[in-house]
Amino acid sequence: MKRAFKHLGNIAITAILAANIAFIIMLLGSAYSPWLHPTEHPVASCMGLAFPVFILANGCFLLFWLLIRCFKTALLPLAGYILCLPQLLLYIPVNPSSGKVPEDSFKLLSYNIMGFYGEDKDNAESIVDYLKASRADIICLQEYPANRTKQRDIENALKDYPYHRTDKVGTGGNNRIACYSKLPILRAKRLDYKSDYNGSIMYELAWGKDTLTLISNHLESNKLTIADKEIYEDMLKAPQQAKMKSGARLLIGKLAEASALRAPQADSIAKVIDHTKGRYTVVCGDFNDTPISYVHHTIGRNLNDAFGQSGCGLGISYNRNMFYFRIDHILTSKNLQTYRCTVDRSIKTSDHYPIWCHIARKK
């Protein structure tokens, strides 16, 4: 009887070990999926969305091996973490206090305000009050309202910002991007890439004796309808096998399609950034993609991620329908240093949280 139990135990351990290896392969596949171009590998390029799931699963395996005192086997999930350590630290950075913010720094705030949140006057006033109290030197707003009355409300509230621009993006609809700045805006232009409703604006600002290049973005959305989001919530609340399969196929198809649309947008932005080498450059906005994505990897290939450099935790910036991801970002050139990067969860008026940080010249 003891021999039978021992044999069953060995089979169980072998099965768990095989599962651990499979999850490590999936962990590494998701970590390095940003190297796949979404137009060529649309589904595989979305693996980065599952990165936190594989992180958690690998941690469970590590804990299991430690609990049963299989210390040598515990090195396996530990090796998985080491092999994707840069991605892990980008996704869940752990930064101590970044010290005193230099006096010659400026504060940048990026916020998708969801069209000033519909017609709800209380929500609109909350956003205005938040922006006024932010004390940011530069405010970049995505999904800026087309309604002229709402625009006047924002402009009246932000009178301390003598320089501002509002630019329409996309070939259809009324989507706009706005910038309110205490630094002089020398010029601005829309980046040339195809999109019906989204886009990017590049600004050149006077920063003392230097010129700062700022690119504010609102990249292609994932085009999930209210019904799609309800399916996703149902999958999480009641994970039935049939529902999971049909729901997963639908969502993955839509996410892959949107990823393929964002990829050439990211390529275009990266080309513009390449021409700013050696200059002070900041890229911000709603990327509609996570830190483990082709979009973030391509746009940020020669830049530092502000949250990765001076933030802490997951920094989830989208706050609706249980889509818990950081899809709003601030990236800076290597000659800049960021401080206290924060995804500010104190305001829940929009479907995004604002992200801000202090930026200074690197000494």
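Residues numbered from 1 in each chain as written. Predicted model: local features only at pLDDT ≥ 70, side-chain atom pairs only at ≥ 80, totals over all residues. Heavy atoms only, no water.

Caption draft 1: Seen up close, the packing of helix H2 (residues 51-67) against helix H3 (residues 71-83). Across the interface, H2 lies against H3 with an axial gap of 8 Å and an inter-helix angle of 165°. Accordingly, the angle class assigned to the pair H2 and H3 is roughly antiparallel. Handedness of the crossing formed by H2 with H3: left-handed. Between H2 and H3, the contacting residues are Ile55, Asn58, Gly59, Phe61, Leu62, Trp65 and Leu66 on the first element and Phe71, Thr73, Ala74, Pro77, Gly80 and Tyr81 on the second. (Axes fitted to C-alpha atoms, helices over the stretch in contact; angles between N-to-C directions. Helix = DSSP H or I, 4+ residues; strand = E, 2+ residues; numbered from the N terminus. Parallel < 35°, antiparallel > 145°, perpendicular 65-115°, else oblique. Left-handed = near helix turned anticlockwise from the far one by under 90°. Contact = heavy atoms within 4.5 Å.)

Caption draft 2: Seen up close, the nonpolar core. One finds Leu108, Ile138, Leu214 and Val282 to be the most contacted residues of the largest nonpolar core, which totals 28 residues. Per element, the largest residue contribution to this core is four residues, and it comes from strand E6 (residues 199-207). The residues contacting Leu108, other than those within four sequence positions of it, are Ile138, Cys140, Leu214, Val282, Cys284, Ile330, Ile355, Trp356, Cys357 and Ile359. One finds Phe116, Ile154, Leu158 and Ile347 within the second-largest nonpolar core, a separate group that totals 21 residues. (Core = buried A, V, L, I, M, F, W, Y, C linked by side-chain atoms within 4.5 Å. Buried < 20%, exposed > 50% of the residue type's maximum accessible area, 1.4 Å probe, protein only.)

Caption draft 3: Representation of the packing of aromatic side chains within the structure. Under the counting rule described, the total for this entry stands at nine aromatic pairs. When the centroid spacing of 5.1 Å and the interplanar angle of 90° are considered together, the rings of Phe106 and Trp207 count as edge-to-face. One end of the pair, Phe106, is in strand E1 (residues 106-112); the other, Trp207, is in strand E6, with 101 residues separating them in the sequence. For the pair formed by Phe106 and Trp207, the shared burial category is buried. Relative to Tyr130, the ring of Tyr111 has its centre 6.0 Å away and its plane inclined at 70°; by these criteria the two rings are edge-to-face. (Phe/Tyr/Trp six-rings, centres within 6.5 Å; stacked < 30°, edge-to-face > 60°.)

Caption draft 4: Inspection of the sheet that holds strand E2 (residues 138-144) at higher detail. The sheet built from six strands is open, its strands ordered E3-E4-E2-E1-E12-E11 with mixed pairing. In the strand order of this sheet, the two ends are held by strand E3 (163-168) and strand E11 (336-343), each with one partner. Between one strand and the next, the sheet's axes are offset by a mean angle of 15°, whatever the strand orientation. Of the strand pairs in this sheet, E1 and strand E12 (residues 355-361) are connected by five bridges, and their pairing is antiparallel. (Pairing = 2+ DSSP bridges.)

Caption draft 5: Just the state of the cysteines, in detail. Applying the stated criterion across every chain, the model contains zero disulfides. Between Cys357, a cysteine without a disulfide, and Cys341, which holds the nearest cysteine sulfur, the sulfur-to-sulfur distance is 4.6 Å. (Disulfide = S-S within 2.5 Å.)

What is shown is where atoms sit, not what they do.
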